[in-house]
Structures are given as structure tokens and as C-alpha cells.
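Coordinates in review
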Amino acid sequence: QQQQQQQNSMPKVKKHKSVLAAKQSVNKPVRAGNKKQQQQSTTPKESTAAAAKAPRARHAAAWPHGQWRCASVIDQQAAEALTRLLAAAETRTAGASIKSLTLAPHIVHKKPTYAVTVETLKHLPLLKAVLAAAELLQQHQQLPRAAAYVLTYELLFGQGFRQKGPAEVAVLSQQGRLHGSLQSLLQQGGVADAAAWLAAQQQPQQQHQQQMVPHPRFARVNTLKTSVQQVLRQLSATATSNSQQQQQQQQADAAAA
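Residues numbered from 1 in each chain as written. Predicted model: local features only at pLDDT ≥ 70, side-chain atom pairs only at ≥ 80, totals over all residues. Heavy atoms only, no water.

As for a nonpolar patch on the surface
What counts here: Put simply, a patch holds well-exposed residues, over 30% relative accessible area, that have no salt bridge, with like charges counted together within 9 Å and Val, Leu, Ile, Met, Phe, Trp or Tyr side chains within 5 Å. For every accessible area listed, the method is Shrake-Rupley and the probe measures 1.4 Å; residues are considered covered only by the protein chains on display. What counts as a salt bridge is simple: a side-chain nitrogen of Lys or Arg found within 4 Å of a carboxyl oxygen of Asp or Glu. Note on conventions: DSSP H or I runs of at least 4 residues are helices, E runs of at least 2 residues are strands, and numbering of each starts at the N terminus.
Where nonpolar side chains cluster on the molecular surface, the patch consists of V228, L232 and L235 and spans about 280 Å² of accessible area. Residue placement: V228 occurs in helix 13 (residues 228–256).

What about the side chain of T117?
Applied cut-off: Pairs of N or O atoms within 3.5 Å make up the polar contacts considered here, provided that, within protein, one atom can donate a hydrogen while the other can accept it, and that residues adjacent in sequence are counted only when both atoms are side-chain atoms. The contact criterion used throughout is that any non-hydrogen atoms of two residues lie within 4.5 Å.
Relative to the helices and strands, T117 is located in helix 6 (residues 110–122). In this structure the side chain of T117 is engaged in a polar contact, spanning 2.7 Å, whose partner is the backbone oxygen of T113. Sequence-distant contacts of T117, that is, excluding residues within four places in its chain, are made with A78, A81, L85, I98 and T102.

Structural notes on the pattern of salt bridges
Stated formally: For the exposure calls, accessible area comes from a 1.4 Å probe over protein chains only, and a residue counts as buried if that area is under 20% of its type's maximum, exposed if over 50%, partly exposed in between.
Under the counting rule described, the total for this entry stands at 2 salt bridges. The shortest N-O distance in the salt bridge between E154 and R162 comes to 3.0 Å. A relative accessible area of 36% means that R162 is categorised as partly exposed. Three or more residues are tied together by salt bridges with common partners; here these are D75, E154 and R162.

Notes on unusual backbone geometry
Excluding glycine, residues mostly carry a negative phi; peptide bonds, for their part, are mostly trans. Of note, H109 is a non-glycine position whose phi angle comes to about 55°, a positive value. In this fold, H109 is placed in the loop between helix 5 (98–102) and helix 6. Phi at E135 is positive, roughly 55°, even though this residue is not glycine. Within the secondary structure, E135 sits in the loop between helix 7 (124–134) and helix 8 (136–139).

Side note on the confidence of the model for the chain
In regions of low pLDDT, the predicted coordinates are not meant to be interpreted in detail. As a reminder of what qualifies: Per-residue confidence from the predictor is reported as pLDDT, a score between 0 and 100.
Per-residue pLDDT for the chain has a mean of 77; in total, 68% of the residues score no lower than 70. Between residues 13–19, whose pLDDT stays under 50, and residues either more than four places distant or in other chains, the model counts 2 contacts. When the criterion is pLDDT under 50, residues 32–57 qualifies, and its contacts beyond four places in sequence or with other chains add up to 3 contacts.

Quick look at the nonpolar core
Cut-off, in case you're wondering: Side-chain atoms within 4.5 Å are what join buried Ala, Val, Leu, Ile, Met, Phe, Trp, Tyr and Cys residues into a set we call a nonpolar core.
Membership of the largest hydrophobic core comes to 34 residues, with the highest contact counts inside it found for L126, V130, L143, L151, V171 and L178. Of all the secondary-structure elements, those providing two or more residues to this core are helix 4 (73–91), helix 7, helix 8, helix 9 (145–156), helix 10 (166–173), helix 11 (175–189) and helix 12 (194–212). The greatest single-element share of this core, amounting to 9 residues, is contributed by helix 9. Here L143 is in contact with W68, L136, L137, A148, L151, A167 and V171, once residues within four sequence places are set aside.

What to know about helix 11
Note the cut-off: Multiplying 1.5 Å by the helix residue count minus one yields the expected span of that helix.
When the terminal C-alpha atoms of helix 11 are compared, their 21 Å separation across 15 residues agrees well with the 21 Å that a helix rising 1.5 Å per residue should span. Backbone geometry just downstream of helix 11 places G190 in the positive-phi region, at approximately 70°.

Notes on helix 7
To keep things clear, this is the line we draw: Throughout, the arc means that of the directions going from the helix axis to the C-beta atoms.
Looking only at helix 7, the buried set comprises L124, L126, L127, V130, L131 and A134. End-on view of helix 7: buried residues confined to an arc of 155°, all on one side of the axis. E135 sits one or two positions beyond helix 7 and adopts a positive phi of about 55°.

See below:
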């Protein structure tokens, strides 16, 4: 009783509000929302660092081991896209397009990469002929084929090399032969520039396609007005009459001659 009386008789000290708030925050359980806020506050820095490293990681994984890379990021990305496109064309598999490969979120400098890829594909028949005449790939086996196409385009028709590495030095070592092969091909084709050479190469292909497919492969028939059998009979009769007219015209021409 005496101890209780002494405690009651002692003056009470008021605690400051900050002290009480600190104790309450220590004893207060951590909510799930606070953890999410803490994680969100730390994730942006980590995400930006991962995004900065992502293009390099993708390029390193896609490039063949032990072979030279293009020093410029634009040329390197264009060469990687060209490799995918050529592989899809050889295997006849879908899923690879120029825009999906050059305008993807991880691509750096999308517009220049897209432009270099498109122009390299446009000049690809001429680039293949120039490289075969200059024997560049035979002399430098560490130079990938797609990188050789891109760098040769940049040297002969583009803006030159933005940066120089082993791949660019290899192409520059054969600069005289590449220009000489280009000029000889233009002279053999009887044209003045690369655009005329490419147009001359496309004409036989277009003629062959026209000969292979002289008529449409399918036709739509309105079954409300006619039937498929009636349309086939009419087309057959028209074809027969046309062939007869052609034979008569040929006979008339032969008689006149």
C-alpha cells in the first residue's frame, strides 16, 4: 500500500506526440499495400537498368559465336534482321517480317535500322553478285554473310561506316575490288546505275510469272443468278471460240504472206 501511495503521489510526465507516434509505428503490423509501395519505389531503377542492358544481351545472344560483329548498332541490328528474314525465306516459314524485326521495343534507333534493312534487301541481288566477284566471304570467313551484305551496301550505296571494327576493316580492305566488281557488272548489263541493273534483272522474272499464270486461279460465282456448271460451260465455249479465231487469223496471215 505504501508503494502504491508513493507511485500515485509521484508527478506524471506527459510524453511528446512524436514519441507516441514512433512507438505506434513500431508496434503497428506492416500491411500488404505498404510492401507493394516499397517494391514499386525500388523497381523503376531496376527496370531502367535492365532495359538499358536488354539490347546488348539480345545482340550478344543472336550473334554467332566467334564471328565479327558490325561496330555500329544500326548495322548490327540490320544484319540480325536480315539473317532472320533470309532464314525464313529459305525454310518458307512465316512469322518474320521487316517491321516486326526492326521496330520491336528492344531495337535502338528504329527508323535508321528499318531503312538500312529495306535498302539492303532491295539491293540484295546486286550485292550477292558483287561479293561473289570480289570473293570477300572466301577471304574473310569470320565475316557473317548478312553482315557482309549490310556493310557492302553501306560502302557502295549508303552513308559509309559510322564506326569501324574488324568487320568494317575487312570490307575496307577489299574496297577497290568491290567497286571494280560493281562497275564490271554494270558494264556487262549495259546500264548506268544500280537501279537500272535491278530493274533489268526483274524483267525476266516478271515475264516468267506471267507465262506461268496467264489466267486467274479462281473466280467467284454468284449462285443466286447462275450455277458453277453453267459458268464452266460458258468459259469453255469462249475459250474454244477464241482459239478458233486465232487459228483463222494465223491462216489468213500465212495466206497473205
